[in-house]
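# Understanding the architecture of this molecule
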Amino acid sequence: MSKPEDLEKGSKLPQPTAWKSNEMLKRVKGRYRSEGRFKAMGFAAICAAIIALVLLVGSIFLTGIAGFSQTYVKLDIYFDPAVLEEIQTSSGEDLENAFISANYAKLTQDSLRKLFPEVKSRREVFRLFQFVSPGSRTQLQNIVREDPGVIGKTQSLWILAADDVDMFVKGKISRNVAQSDRKVSDLQIGWIDSLSADGRLVKRFNWRFFSSGDSREPELAGIWGATVGSFYTLLVTLIVAFPIGVLAAIYLEEFAPQNKITDIIEVNINNLAAVPSIVFGLLGLAIFLNVFQFPRSAPVVGGLTLALMTLPTIIIAARAAIKAVPPSIRDAATGLGASPNQVVFHHVLPLSMPGIMTGTIIGMAQALGETAPLLMIGMVAFVVDIPQGIFDASTALPVQIFLWADSPERAFVEKTSAAIIVLLAFLVTMNGLAIWLRQKFERRW
Amino acid sequence: MTDHTVASFDEELNEMRSKVVQMANIVNTQLQNSLTALQDRNSELAEKVRLTDQLLDDLDSDVERSAVEFIARRAPVAVDLREIIAIIRISNTLERIGDYAKNFAKRLDVLLETDSIRSSERLLSHMVDITSKMVTDVIDAYIRRDIDLALEIWHRDQEIDAIYNTMFRELLTYMMEHPHYITTATHMLFIAKNIERAGDHATNIAEMAYYIATGKALDMERPKKDKSHLAAAPDVEE
Amino acid sequence: MNIQAADTNITTDREPKMQARRVNVFYGDTHALKDVNLDIYADEVTALIGPSGCGKSTFLRCLNRMNDTVASCRVKGVMTLDNEDIYSKQVDVVQLRARVGMVFQKPNPFPKSIYDNVAYGPRIHGLARKGDELDEIVFTSLQKAGLWDEVKDRLDTSGTALSGGQQQRLCIARAIAVNPEVILMDEPCSALDPIATAKIEELIDELKGHYAIVIVTHSMQQAARVSQKTAFFHLGNLVEYGDTVEIFTNPQEPKTKDYITGRYG
């Protein structure tokens, strides 16, 4: 209880706060200090993140950039009629067989021997023959097929060099290392130097990387097969997940009664988004492969599995977009006598579409980068051919990266990084598209 | 003046204005009719004036009710607020002038029975003419927001006062010299006083018109030529 | 339909456009409207005033069953349009809302072109068969809403690009385009500046003869200015209902008097 004199005191006019007092000034200073500390910490965190990103992307880029070029060697190929005799003599079905079975390797081998006549020992000759890629056989076959008239003539051709040569030319194999510790022998180095001096070695842009499928030979391996596989997989995912996801979102947002069941569904959709992707892979394996007996390694299975995984993402994004459409628009349409269906399909859906698209693209990008579920359903197989449809065996980009990263050949290291660059380019493009869509169509109410 | 966005605002305002104009016209007719009744010894006309006054009373309460409703519903501000307040007062004032005219007509019952004082009647006629012109002009000044005209009318009141002074002295003289005329002169005196008051009211309206147009009160000293309060009976030789 | 004339405190020989008899509205456990009886006449503007939460907006939204979209809302009592119960099962709510149009507190044009905004209602109700007819409807609606001269050169620009007052008039044009019999306005000027407000009020004045208009407003002055009948709601009760002039010059109920003179609470 306050005494009367206290009351007396209290009733006096209050003194103005002493903002200029030392105590106050100290307090203010302290406040600014703590703010400065927080800013510095945040800045440091951002810097660390940027450094990590630059290191990661930079190292991948530095390694991968070499994967986009390939070494070629110039050889004077004499299309020896003796070797290609069968092609000249046979016809019809035999001709096709003759084209395929002709000993093209001998042509390059002869050419190499002519270049280095001093090589005599069997071991050295064998080494010499390995100087060019086995892919040269297909190259020569194509030339002969195209124009059988070349037989008996000599042509100067750029032949794909073997991966070890390529590695050495790119400097990935150092000549300063002891011979036993490197894959390229001193002898081979001598050949490379002499060819190089003659201007017979050149690095060219590696078109093959973008046009061929996988191969055991690094210099022949490409990502086209995996890209097409990824495309088919995502196509299936989109066709399945988008309509189901959007319709589910519309139903939940606009039509579902507010009750326990709806709540449970809602919670479970959110939970589903958090389920590890490998679990979806197991589900795909169990249902699509074991129960429905879909073909193994096919994009259709991969797509369906990824659709399951993407569905919650799309539903959540679509619901958020639908929720963001202001109720006033719904009121306006309802007030004019539009039925609930008309309200949704004339107004709510078109207005939320950019948001839904953004969410879908992000979900798709996520699916594009997903590896684990595809491993479970067998899309990890070694597939050389480019898939022609959703039922052909194929791999996908991230799985291809996974496969190459596992390969022992030195040359696959740069292929792996190159494939990662391609994958990153796709992801950045898709995310960029999502951002562009959002910027372009986003409305402020 | 530009119109209000809400057209009915102007409509209601115009209706009240036209009622005020109508009242002014009736007041003028009342004054003139009373005078004519006096000059022509026409008791029927006098009777008509007395009856017509009810019309003015009705119009006045009409305007007042409309104005209250208008304030309640439209919450006028600035010039509209000044006008609506002024309209109530103008209408009241016109009603008062109408009362003077009625009073004039009432006195005719007696006056028509007695001998008339012609010279005073002429002066009275002059007063009525000026007053009714003032009423016409002052309503005109109000409707057209004519400040100059309002100021001019404000000064015109002096003329009436001057005539009234003259008339006062003249009637006083008549009464002293001819007690026979006392009845007539007394009534005439009251009538003249009423007309003089009507002139003062017209001056009031001029002040209101000025106030509506400018938002300022006309706070100059009112010009007064009414010296009758100083007038005494001329010395009578005993 | 059995409506007892004794229920209403208004005596008139005119046939009301809409009638509410013993209307009770509940939101869950909240009793939002209590035994409201109100008549709405075709050629008049009826204003609903009262403090926030008094039930005036709820009542308005009952008139075209906009409350249907609120799951917890229950309406009891009888509400009629041309002596037909609007809450009966035979009534198509879509048709009802075409007959009883609505303008909302916040201007809410569709983010479509001005033309499409106005044409939307006629399109969904199939009111125009040919393009010419639709053009005609859009033209007359915009003209009635006093917007035609301002937008005739840019009918294909977005409705959301207009100023607030123009947007609200566009919303009115949109409501008119369906050719309603009653127009409900839920605080149509609360988001507008005084000039835009005055334009809307003038528009209401002009529309008065063609439609029955019911307007909810927080501004008592607005109610006084635009309406012929005023209903004062308080805590879910209809306290007083009568001629606007009477309500604002000589209210009968002490509560009304306190509210309109600013002595409330």
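Next up on the list: the overall build of chain C. Summing up its helical and strand segments, chain C has 10 helices and 10 strands in all. Projected onto the principal axes, the alpha-carbon positions of chain C cover approximately 55 × 45 × 40 Å. Split into buried and exposed, the 265 residues of chain C put 48% on the buried side. Excluding contacts between residues fewer than 6 apart, the proportion of contacts in chain C whose partners are at least 24 apart in sequence is 68%.

The secondary structure content of chain A amounts to 19 helices and three strands. Its C-alpha radius of gyration of 33 Å places chain A more than 25% over the 22 Å reference for a compact globule of 445 residues. Structurally, chain A occupies a C-alpha span of about 125 × 65 × 40 Å along its principal axes. Partitioning the intrachain contacts of chain A with sequence separation of at least 6 by distance along the chain shows that 77% fall at a separation of at least 24.

Attention now moves to the pairing of strand β1 (residues 18–27) of chain C. All names here are of chain C. Inspection of the sheet shows β1 paired to strand β4 (residues 73–81) by eight bridges, in the antiparallel sense. Residue Y27 lies in a different strand from β4, and its bridge partner there is C73. As paired strands, β1 and strand β2 (residues 30–40) are joined by seven bridges and run antiparallel to one another. Note on β2: the bridge partner recorded for F26 is H31. Between β1 and β2, which pair antiparallel in sequence order, lie two residues; one of them, G28, sits at a positive phi of approximately 60 degrees.

Moving on, we get to the interface of chain C and chain B. Listed per partner, the contact involves 13 residues of chain C and 10 residues of chain B. Where the side of chain C that touches chain B is concerned, the elements lending two or more residues are α7 (194–207), α8 (220–226) and α9 (244–249) of chain C. No other element matches the six residues that α7 of chain C contributes to the side of chain C that touches chain B. Of the residues belonging to the side of chain C that touches chain B, the class tally is five nonpolar, three polar and five charged.

Before going further, it helps to examine the packing of helix α4 (residues 131–144) of chain C against helix α6 (residues 164–177) of chain C. Residues and elements named next belong to chain C. Their axes nearest at 8 Å, the elements α4 and α6 cross at an angle of 130 degrees. Considered as vectors, α4 and α6 are oriented oblique to each other. Judged by the sense of rotation from one axis to the other, the crossing of α4 with α6 is right-handed. Together, I137, V138, S141, L142 and K144 of α4 and A173, I176 and A177 of α6 make up the contact between the two elements. Here the contact of α4 with α6 is built from residues that sort into six nonpolar, one polar and one charged.

For the rest of this paragraph, the subject is the interface of chain A and chain C. It is common to report an interface's size as the accessible area lost on association of the parts. With 15 residues of chain A in contact, the opposing surface of chain C contributes 21 residues. Those elements that place two or more of their residues in the side of chain A that touches chain C are α15 (327–335) and α16 (340–368) of chain A. Per-element tally for the side of chain A that touches chain C: the top contributor is α15 of chain A, with six residues. Residues that form the side of chain A that touches chain C fall into these classes: five nonpolar, eight polar and two charged.

Positive phi, close to 65 degrees, is recorded for S297 of chain A, a residue that is not glycine. The backbone phi angle of A78 of chain B is positive, close to 50 degrees, even though this residue is not glycine. Positionally, A78 of chain B belongs in helix α3 (residues 78–111).

Okay, the confidence of the model for chain C next. Residues and elements named next belong to chain C. Averaged over all residues, the pLDDT of chain C is 88; the fraction at 70 or higher stands at 94%. The spread of mean pLDDT over the elements of chain C runs between helix α10 (residues 254–260), the lowest at 88, and strand β8 (residues 212–216), the highest at 95. Across the predicted assembly, pTM comes out at 0.76 and ipTM at 0.86.

Further remarks concern α4 of chain C. Residues and elements named next belong to chain C. The first and last C-alpha atoms of α4 sit 20 Å apart over 14 residues, in line with the 20 Å expected at 1.5 Å per residue. Among the residues making up α4, those that are buried are I137, V138, S141 and L142. Looking down the long axis of α4, one finds its buried residues gathered within 120 degrees of arc, a one-sided arrangement. When the buried face of α4 is taken as reference, the exposed residues oriented beyond 90 degrees from it are D132 and E133. Packed against the buried residues of α4 are α3 (114–125), α5 (148–151) and α6.

To continue, consider the sheet that holds strand β1 (residues 69–78) of chain A. Residue and element names in this part refer to chain A. Judged by pairing direction, the sheet is antiparallel, and its three strands sit side by side in the order β2-β1-β3 without closing on themselves. What marks the edges here is a single partner per strand, and that holds for β2 (154–160) and β3 (201–205). Strand-to-strand twist in this sheet, taken as the mean axis angle between neighbours without regard to direction, amounts to 40 degrees. As paired strands, β1 and β2 are joined by seven bridges and run antiparallel to one another. Each bridged residue has a counterpart across the sheet, and for I77 the counterpart in β2 is Q155.

All names here are of chain A. Partitioning chain A into structural domains gives domain 1 (68–206) and domain 2 (224–441). Taken together, the six residues of domain 1 in the interface contact four residues of domain 2. Tallied by class, the residues present in the side of domain 1 that touches domain 2 amount to two nonpolar, no polar and four charged.

Here helix α12 (residues 260–273) of chain A contains 14 residues, and its C-alpha end-to-end distance of 20 Å stays within 8% of the 20 Å for a straight helix at 1.5 Å per residue. In terms of burial, α12 of chain A is a largely surface element, zero of the 14 residues being buried.

All names here are of chain B. Here helix α4 (residues 118–144) crosses helix α5 (residues 147–177) at 165 degrees, and the two axes come no closer than 10 Å. By the angle class used here, α4 and α5 are roughly antiparallel. The hand of the α4/α5 crossing is left-handed. Counted by class, the contact of α4 with α5 contains 15 nonpolar, five polar and five charged residues.

Calculation rules
- Residues numbered from 1 in each chain as written.
- Chains lettered and ligands numbered in written order.
- Predicted model: local features only at pLDDT ≥ 70, side-chain atom pairs only at ≥ 80, totals over all residues.
- Helix = DSSP H or I, 4+ residues; strand = E, 2+ residues; numbered from the N terminus.
- Buried ≥ 20, exposed ≤ 12 C-beta atoms within 10 Å, placed from the backbone.
- Contact = placed C-beta atoms within 7 Å.
- Rg over C-alpha atoms; globule rule 2.2 N^0.38 Å.
- Pairing = 2+ DSSP bridges.
- Nonpolar A, V, L, I, M, F, W, Y, C, P; charged D, E, K, R; others polar.
- Axes fitted to C-alpha atoms, helices over the stretch in contact; angles between N-to-C directions.
- Parallel < 35°, antiparallel > 145°, perpendicular 65-115°, else oblique.
- Left-handed = near helix turned anticlockwise from the far one by under 90°.
- pLDDT = per-residue confidence, 0-100.
- Expected span 1.5 Å × (residues − 1).
- Arc of directions from axis to C-beta.
- Domains from an automatic or database assignment.

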